[in-house]
Amino acid sequence: MISTFSTPNSKYELSREILKLKNPKIETHEILEPKDLIALDRRLKALSRAGQLSIVIIRS
């Protein structure tokens with residue numbers, strides 16, 4: 001997990017925690033309209049059933 005003890009507070013800390021992971025599976029999803037959010041919700045539910053999951057939200 002990325003935030004085992006504390007949540008990363010900067011891009012540097014986040015990238016350092018990601019680099020520590022042995023074999024991360026990385027997916028990106030762009031939310032541009034409501035149907036994208038519905039599809040993401042389904043995907044997150046499926047992934048959470050399979051095991052631990054870390055979510056990083058980036059807003060610009």
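Preceding this section is the structure that the text describes.
About the criteria used
- Residues numbered from 1 in each chain as written.
- Predicted model: local features only at pLDDT ≥ 70, side-chain atom pairs only at ≥ 80, totals over all residues.
- Heavy atoms only, no water.
- Helix = DSSP H or I, 4+ residues; strand = E, 2+ residues; numbered from the N terminus.
- Buried < 20%, exposed > 50% of the residue type's maximum accessible area, 1.4 Å probe, protein only.
- Areas by Shrake-Rupley, 256 points an atom, 1.4 Å probe, with all protein chains shown as cover.
- Lys, Arg positive; Asp, Glu negative; His and termini not counted.
- Charge placed at Lys NZ, Arg CZ, Asp CG, Glu CD.
- Patch = residues over 30% accessible without salt bridge, like charges linked within 9 Å, V, L, I, M, F, W, Y side chains within 5 Å.
- Salt bridge = Lys/Arg side-chain N within 4 Å of Asp/Glu carboxyl O.
- Expected span 1.5 Å × (residues − 1).

Draft legend 1. Structural detail: the overall build of the chain. In terms of helices and strands, the chain carries two helices and zero strands. Seen through its principal axes, the chain has C-alpha atoms that stretch 35 × 30 × 20 Å. Out of the 60 residues belonging to the chain, those deemed buried represent 7%. If you sum the accessible surface of the chain, you get close to 5,900 Å²; carbon and sulfur atoms cover 56% of it. The distance from the centre of the 11 positive side-chain charges to the centre of the 7 negative ones in the chain is 6 Å.

Draft legend 2. Focus on a nonpolar patch on the surface. A cluster of nonpolar side chains, namely Leu53, Ile55 and Ile57, defines an oily patch on the protein surface of about 310 Å² accessible area. Structurally, Leu53 can be placed in the segment after helix H2 (34–50).

Draft legend 3. Highlighting the pattern of salt bridges. Summed over all chains, the structure comprises four salt bridges. Between Glu33 and Lys35 there is a salt bridge, and its shortest N-O distance comes to 3.7 Å. Taking the relative accessible area as the measure of exposure, Glu33 reaches 38% and is therefore partly exposed.

Draft legend 4. Highlighting H2. Taking 1.5 Å as the rise per residue, H2 with 17 residues should run 24 Å; its terminal C-alpha atoms sit 25 Å apart, in good agreement. Taken from the residues just after H2, Gly51 is the one with a positive phi, measuring 155°.

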